[in-house]
Amino acid sequence: MTDSASDRRSVAASNGRSDAGSGPARRSDAASGPAPRSDAAAGPAPRSDPDATPLLGLNNIEVLYDDVILVLRGLSLEVAEGGIAALLGSNGAGKTTTLKAISGLLYVEDGEVSDGTIVFDGEEIQGMDAHRIVEKGVFQVLEGRRVFEHLTVRENLLAGGYTRGTRRGLNADADKVYHYFPALAERRGQLAGHLSGGEQQMLALGRALMASPRMMLLDEPSLGLAPMLVESIFEIVRRINREEGTTILLVEQNARVALSVADYGYIMEGGRVVLEGAAEELRTNEDVKEFYLGLGDGGRRSYRDVKHYRRRKRWLS
Ligand SMILES: Nc1ncnc2c1ncn2[C@@H]1O[C@H](COP(=O)(O)OP(=O)(O)OP(=O)(O)O)[C@@H](O)[C@H]1O
Ligand SMILES: [Mg+2]
């Protein structure tokens, strides 16, 4: 493990970087490279074994769209085997871009990983074809419940199992999905397009389960769902992690719920991680509470602004 990687084991915020504003930057903005998260305090270790080799590691990755728009600017994170890591941040921070960089789907939008490495199970996968990454066991559930609307629930599930390259065990796996999502069992013959938003989200997760992935990348599964449904979807995500042993990287704007299911969390802004730590530590971190969990006063600012604001408050009081 590198020094910087071990630094990142505890809560570490970038301090006073002048180029950490939100929004994409031109490539030349990033000439100075990523900032070390230098004020790493010794905090509690994540629940998962900190010495274990991570199943997934992103090391200083940069992502460019259209050859010039630099969106990820030296992003590093790790997900322990069997763990759940939450990747949090506001609109445009680069969360979806991060997931697409991992799953190989950037090419669809003329994007590429232009620097850094993405290591899955000991092998560099940046730039690899998306279908090969799926074969290695990484499955992304896209933002916005993408299901095949004109196929039935069961047909959607069977399509999810197709990536395994064999029909054997498909029915047993569909039964496994119905075990986690009984509402889908009742609607197995119904067209997916006629399902409610929550049921479509369940189907999208169920389709991922059909591929028996080692790792699931979930992009905002709570989006647009009623609070009670959000709780139950996350409860199922936790059960899948525990019972199937699936490692999960969970992208969310709903920090409160995400940190209640994750072991470890990363908060990103402007294309890089600005804060990370054990989930329970982030949940109680005052800056995170103030900004992301909405427990403070004032509007929603950037994490860095909150830090300045808190410093000013201390100065004034
Ligand atoms: N295909 C693209 N071409 C150019 N810029 C893009 C492209 N896709 C995303 N971006 C830009 O990259 C930045 C990060 O976008 P991304 O979708 O990764 O953010 P996000 O954190 O997932 O946001 P949200 O919470 O709104 O889903 C944004 O500024 C966005 O405008
Ligand atoms: Mg997104």
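Focus: unusual backbone geometry
Next, step 1: In this structure, N60 is a non-glycine residue whose phi angle is positive, near 50 degrees.
Next, step 2: Within the secondary structure, N60 is located in strand β2 (residues 54-65).
Next, step 3: Here N60 falls in the partly exposed class, since 16 other C-beta atoms lie within 10 Å of it.
Next, step 4: The phi dihedral of D110 falls on the positive side, at around 60 degrees, and the residue is not glycine.
Next, step 5: Looking at the secondary structure, you find D110 in the loop between α2 (95-103) and β5 (111-120).
Next, step 6: On the basis of neighbour count, D110 is assigned to the exposed category, with 11 C-beta atoms found within 10 Å.

Let's talk about the nonpolar core
Next, step 1: Residues A85, A86, L87, L217, L250 and A262 are the most contacted members of the largest nonpolar core, which totals 77 residues.
Next, step 2: Look past the residues within four positions of L87 in its chain and what remains in contact with it is K95, T98, L249, L250, V251, Y266 and M268.

Digging into the sheet that holds strand β7 (residues 138-141)
Next, step 1: Spatially, β7-β8-β9-β4-β10-β11 is the arrangement adopted by the six strands of the open sheet, whose pairing is mixed. What marks the edges here is a single partner per strand, and that holds for β7 and β11 (272-278). Within this sheet the neighbouring strands show an average axis-to-axis angle of 15 degrees, counted without direction.
Next, step 2: Pairing between strand β10 (residues 264-269) and β11: six bridges, direction antiparallel. The partner of G265 across the bridge, within β11, is G277.

Let's talk about helix α8 (residues 227-244)
Since one α-helical turn is 3.6 residues long, residues separated by three or four positions face the same way.
Next, step 1: For α8, which comprises 18 residues, the first-to-last C-alpha distance of 25 Å matches the rise-based estimate of 26 Å (1.5 Å per residue) to within 8%.
Next, step 2: Three or more residues of α8 are buried, namely V230, I233, F234, V237, I240 and N241. One side of α8 carries all its buried residues, which in axial view fall inside an arc of 110 degrees. Facing away from the buried surface of α8 by more than 90 degrees, the exposed residues are M228, E235, R239, R242 and E243.
Next, step 3: Within two residues after α8, G245 carries a phi angle of roughly 70 degrees, on the positive side.

Calculation notes
Residues numbered from 1 in each chain as written. Chains lettered and ligands numbered in written order. Predicted model: local features only at pLDDT ≥ 70, side-chain atom pairs only at ≥ 80, totals over all residues. Helix = DSSP H or I, 4+ residues; strand = E, 2+ residues; numbered from the N terminus. Buried ≥ 20, exposed ≤ 12 C-beta atoms within 10 Å, placed from the backbone. Core = buried A, V, L, I, M, F, W, Y, C linked by C-beta atoms within 7 Å. Contact = placed C-beta atoms within 7 Å. Pairing = 2+ DSSP bridges. Axes fitted to C-alpha atoms, helices over the stretch in contact; angles between N-to-C directions. Expected span 1.5 Å × (residues − 1). Arc of directions from axis to C-beta.

These figures come from the coordinates and say nothing about function on their own.
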